[in-house]
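In case you want the letters, here they are:
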Amino acid sequence: MNESEMQTPIVTRILQQARARRDTSDIPGFEAAFGTGQPAGITQEQVARLAGVSRRWYGNLEAGRPANYSDAFLQAVRRILDLNDEEWGIVYRVIRGHAPAAAPVSHLGALLPDAFRAFIEESRTWALYLNDYRWDVLAYNAKALEYFPWMQYGLNVMEWALAWPEARTQLVNWEEEWAKPMMAQLRVHAEEWRTDERMRAVVETVRADPTARKLWDARDLPAITHPASAQPRRLYLAGRGDQEFAVRFMAGTPDELPSCRLMVVTPAEAVSSN
């Protein structure tokens, strides 16, 4: 290792290397947001936009400069750059001074029967996932990851879809097709389980985002409590460029876990190809 490499902060080396190797075709909606024909790798400006921060703020992190970076921002950088567990652990410990906390674990996960979990994880035809009443994901299959790669990081459905800027890159017509009906569902559950600490934490995370907070306070949210299978929603998929895909969500309640919801995601139709 030469002297210049020794003087480069380890956070800088990790993030620069991750940016250089990142295959942007694996980021759903990237080409629709930034165009095609980009050389390999992702720029600082693009990382910042996907993370919902300024170019300077992300640049400060990559330079290893101390600052009050939020966990949400750090986790977004991890997902956008696809940091492996070792890289993520180093970056977080250097920035925070301690190891990252594990993702919240739903107490209902322990009640999920092994046969039910195996059915979900081994299903190959449709995308399946199971979430509890706070929208913490209990189980999912490989097909679900094709639609929603963020599930592998243990994120909450509502937190990702409503509060993380990267969702607005993947989800087409984010506010009308996705955010408003999902926010309506969240508000119903927030009232129904108002004493639940984890539910309150999810609501706080969502409301911490200024754009999501405006929708939380909106007076014209639809009066629904579940996704409507008759209303397809559009999104971009990893490796499919700027082509829009429509999907249907079908929700069911398992008798063994009545406070949970089994989600089946099926293709509706390919909407457009530019």
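Procedures and definitions
Residues numbered from 1 in each chain as written. Predicted model: local features only at pLDDT ≥ 70, side-chain atom pairs only at ≥ 80, totals over all residues. Heavy atoms only, no water. Helix = DSSP H or I, 4+ residues; strand = E, 2+ residues; numbered from the N terminus. Buried < 20%, exposed > 50% of the residue type's maximum accessible area, 1.4 Å probe, protein only. Polar contact = N/O pair within 3.5 Å; in protein donor to acceptor, adjacent residues only side chain to side chain. Contact = heavy atoms within 4.5 Å. Pairing = 2+ DSSP bridges. Core = buried A, V, L, I, M, F, W, Y, C linked by side-chain atoms within 4.5 Å. Axes fitted to C-alpha atoms, helices over the stretch in contact; angles between N-to-C directions. Parallel < 35°, antiparallel > 145°, perpendicular 65-115°, else oblique. Left-handed = near helix turned anticlockwise from the far one by under 90°. Nonpolar A, V, L, I, M, F, W, Y, C, P; charged D, E, K, R; others polar. 1 Å grid on protein atoms, 1.4 Å probe; cavity = no way out; pocket = protein on both sides within 12 Å on 5 of 7 lines; lining within 4 Å. Points joined across faces, edges and corners; volume = space filled by probe spheres on them.

A. How the structure looks around unusual backbone geometry. Phi is positive for Trp 135, close to 70 degrees, though the residue is something other than glycine. Of note, Trp 135 is situated in the loop between strand E1 (127-131) and strand E2 (137-140). Using a relative accessible area of 5% as the deciding quantity, one classes Trp 135 as buried. One non-glycine residue, Asn 173, adopts positive backbone phi at about 50 degrees. Within the secondary structure, Asn 173 is located in the loop between helix H11 (165-170) and helix H12 (174-192).

B. Up close: the side chain of Arg 134. In this fold, Arg 134 is placed in the loop between E1 and E2. On the basis of relative accessible area, Arg 134 is assigned to the buried category, the value being 8%. In this structure the side chain of Arg 134 is engaged in a polar contact, spanning 3.1 Å, whose partner is the side chain of Asp 196. For Arg 134, the contacting residues outside a window of four places in its chain are Ser 106, His 107, Asn 156, Asp 196, Arg 198, Met 199 and Val 202.

C. Just the pairing of E1, in detail. The element E1 is largely enclosed, with a buried count of five among its five residues. The two faces of E1 match: Ala 127, Tyr 129 and Asn 131 on one face and Leu 128 and Leu 130 on the other face are all buried. Relative to E2, E1 is paired through three bridges, and the arrangement is antiparallel. Bridge pairing links Leu 130 to Ala 139 in E2. Between the end of E1 and the start of E2, which pair antiparallel, lie five residues, with Trp 135 showing a positive phi angle near 70 degrees.

D. View of the nonpolar core. Counting 56 residues, the largest nonpolar core has Leu 130, Met 183 and Leu 186 as its most contacted members. It is H12 that contributes the most residues to this core, eight residues altogether. Setting aside residues up to four positions removed in sequence, Leu 130 forms contacts with Leu 112, Phe 116, Ile 120, Asp 136, Val 137, Leu 138, Ala 139, Pro 254, Leu 257, Cys 260, Arg 261 and Leu 262. Grouped together as the second largest cluster of nonpolar side chains are 26 residues, Phe 30, Val 47, Ala 48 and Leu 81 included.

E. Region of interest: the packing of helix H6 (residues 71-81) against helix H7 (residues 85-96). Look at H6 against H7: their axes get within 11 Å of each other, and the N-to-C directions meet at 155 degrees. Between H6 and H7, the interaxial angle falls into the category roughly antiparallel. H6 and H7 meet at a crossing whose hand is right-handed. Packed against H6, whose contacting residues are Asp 71, Leu 74, Gln 75 and Arg 78, the element H7 presents Asp 85, Trp 88, Tyr 92, Ile 95 and Arg 96 at the interface. Of the residues contributing to the contact of H6 with H7, the split by class is four nonpolar, one polar and four charged.

F. Structural view of H6. Of all 11 residues in H6, eight are buried, a share of seventy percent or more. Of all the residues in H6, the buried ones are Phe 73, Leu 74, Ala 76, Val 77, Arg 78, Arg 79, Ile 80 and Leu 81. Residues of H6 that are buried in the fold lie against helix H2 (10-21), helix H4 (44-51), helix H5 (55-62), H7, helix H10 (157-163) and H11. One or two residues past the end of H6 sits Asp 82, with phi positive at roughly 55 degrees.

G. Representation of empty space enclosed by the protein in the model. Applying the stated criterion across every chain, the model contains two cavities of 30 Å³ or more. Roughly 190 Å³ of internal volume is contained in the largest cavity. Lining of the largest cavity is provided by 19 residues; of these, Tyr 129, Val 157, Met 182, Arg 233 and Phe 249 occupy positions nearest its centre. By residue number, the principal contributor to the lining of the largest cavity is H10, which donates four residues. Tallied by class, residues from the lining of the largest cavity come to 15 nonpolar, two polar and two charged. Space inside the second largest cavity adds up to approximately 30 Å³. Around the second largest cavity sit Thr 24, Ser 25, Ile 27, Pro 28, Gly 29, Phe 30, Glu 31, Leu 237 and Gly 241, which together line it. Considering only residue class, the lining of the second largest cavity consists of four nonpolar, four polar and one charged.

These figures capture arrangement, not role.
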